[in-house]
Amino acid sequence: MSTDFINDFLVLFSSFKYFDYVITAILIFVGFLLAKLAARQVNKLFLTIFEKLKGKNTSLPPASFAFSIQLIVLGITLLFILKVVSPQAYLQEVATYILKAIILIGIINFGLKFSLMISFFLEKKAQKTKGKFDDLLAQVIGKALKIIVYTVGFIVGADLFGLPLNSIITGLGIGGIAVAMAAKDTIANIFGFITIVTDRPFSIGDWVRIQSNEGTVEKLGFRSTQIRTFYNSVISIPNSTFLNSSVDNMGLRKYRRFSTNLSLTYSSEADDIESFCEGVRELIRQHPQTRKDYFFVHLNNLSDSSLDIMLYCFFEVESWNEELAARHRLLVDILRLAKQLSVNFAFPTQTLFMSKEKEAGNELASKQVIQEKENSAKLMAENISTQYY
């Protein structure tokens, strides 16, 4: 009897004027519930996976996949409901396109969130490595993932809306020739980007010289590379430049050269100059950041107003700031040494001697006198060589 009652109730309810609308509303409500539950569970699963991958010392940005998953599940559920309810033809067609668009937006949004998490994860891992190129590679992978997401989104969208993929690809192939002719600079920039990634001429943070441009590499893109100059401005250099131009990477130097002249006054004694040069050599040996197997400190020139001692050495440092600090220490130590040895540094001066004119003598030195003076000079030079060396 109870079965007959239920059947009679369903027949009576189905004859109700708004039966289809009530069933549709119930199904839509169920669809929203399914989307909410599925989004929560799948989002929890992905976040758990990333929590295990990131490690203890890596923090990931607070991103959620819930919205994307809700759109995808809701769109699929409503499409199923649409086939069950079967409304009028034109309404079904419009609703189908709208729901497919919702699914496509959900897929693209999910892919972008996923690529963001991967990119951030790789950048954090790259910061822990010694090589700077890993930072550059992390940026490249992040941008490549976004391109892949949009490409997959285009393909999925074409499939969802029933567009002929073969015709589209053929059209792109024909149109691509015309685009390639018009965008040859863009293609050259992309090849330049590939050259940078494969050859690794520099990394993020390196000090480079490219043609007349000099600065620190900040960002690498598919079209251009951004360099922060020492005036704090940013220069965007097209990547095609790297195909035909040399890159002077100052950041890869193991040693940084330092070459200067130490100018002493002409009143300095020869012995003092010898002592001073040897003292400077010892300062280089004792300096913690100098190259010990290759340096020169010698009297190199007799200038107009000074005796010039060439100082040529190398610092083993990793940054310009460390190089400046190393130079500072060495030069201050040289000043202290000069003060202790009573050696004075020279600066450009001219001395004017004023005297009365004397009448020139008519007698010339004889050849014998000149010969005696030459022999005396040779003897003095021989004694100096024997005594000091």
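The rules we used
- Residues numbered from 1 in each chain as written.
- Predicted model: local features only at pLDDT ≥ 70, side-chain atom pairs only at ≥ 80, totals over all residues.
- Heavy atoms only, no water.
- Helix = DSSP H or I, 4+ residues; strand = E, 2+ residues; numbered from the N terminus.
- Expected span 1.5 Å × (residues − 1).
- Buried < 20%, exposed > 50% of the residue type's maximum accessible area, 1.4 Å probe, protein only.
- Arc of directions from axis to C-beta.
- Contact = heavy atoms within 4.5 Å.
- Phe/Tyr/Trp six-rings, centres within 6.5 Å; stacked < 30°, edge-to-face > 60°.
- Lys NZ or Arg CZ within 6 Å of the ring centre and 35° of its normal.

Undergrad: Which parts of the structure should I look at to understand helix H10 (residues 320-340)?
TA: Residues three or four positions apart in an α-helix share a direction because the helix packs 3.6 residues into each turn. With 21 residues, H10 should cover 30 Å at 1.5 Å per step; its first-to-last C-alpha distance of 31 Å lies within 8% of that length. Among the residues of H10, Glu323, Ala326, Leu330, Asp333, Ile334, Leu337 and Ala338 are the ones counted as buried. Taken down its axis, H10 places every buried residue within 140 degrees of arc, on the same side. Structural note: H10 exposes Asn321, His328 and Lys339 on the side pointing more than 90 degrees away from its buried face. In this fold, the buried residues of H10 make contact with strand S6 (256-264), helix H9 (270-286) and strand S8 (307-315). Where H10 ends, the next residue or the one after it, Ser342, has phi of about 60 degrees, a positive value.

Undergrad: When you look at the environment of Ile118 in this model, what are you seeing that I'm missing?
TA: Counting through the fold element by element, Ile118 comes out in helix H4 (residues 89-127). A C-alpha to C-alpha distance of 7.4 Å links Ile118 and Gly142, two positions 24 residues apart in sequence.

Undergrad: What am I meant to see in unusual backbone geometry here?
TA: For residues besides glycine, phi is generally negative; the peptide bonds are generally trans as well. In this model, Asn232 sits at a positive phi of 70 degrees, which is unusual for a non-glycine residue. As for its placement among the helices and strands, Asn232 is situated in the loop between strand S3 (224-228) and strand S4 (234-238). Residue Asn232 is classed as exposed on the basis of its relative accessible area, which comes to 54%. Notably, Ser342 is not glycine yet its phi reads approximately 60 degrees, a positive angle. Counting through the fold element by element, Ser342 comes out in the loop between H10 and helix H11 (367-388). For Ser342, a relative accessible area of 59% translates into the label exposed.

Undergrad: Sorry if this is basic, but what is going on with the packing of aromatic side chains here?
TA: Aromatic rings considered in pairs are described by the distance between their centres and by the relative angle of their planes. If you walk through the whole model with that rule in mind, you get 10 aromatic pairs. Aromatic side chains Tyr312 and Phe314 sit 5.5 Å apart centroid to centroid with 85 degrees between the ring planes, which places their arrangement in the edge-to-face category. What makes Phe314 buried here is its relative accessible area of 12%. An aromatic cluster is defined as three or more aromatic residues linked by ring pairs; in this entry it consists of Tyr294, Phe296, Tyr312 and Phe314. Over the ring of Tyr255 we find Arg291; its NZ or CZ atom is 4.6 Å from the centre of that ring. Residue placement shows Arg291 over the ring face of Phe314; its charged tip is 5.8 Å from the ring centre.

Interpretation in functional terms is not warranted from these geometric data alone.
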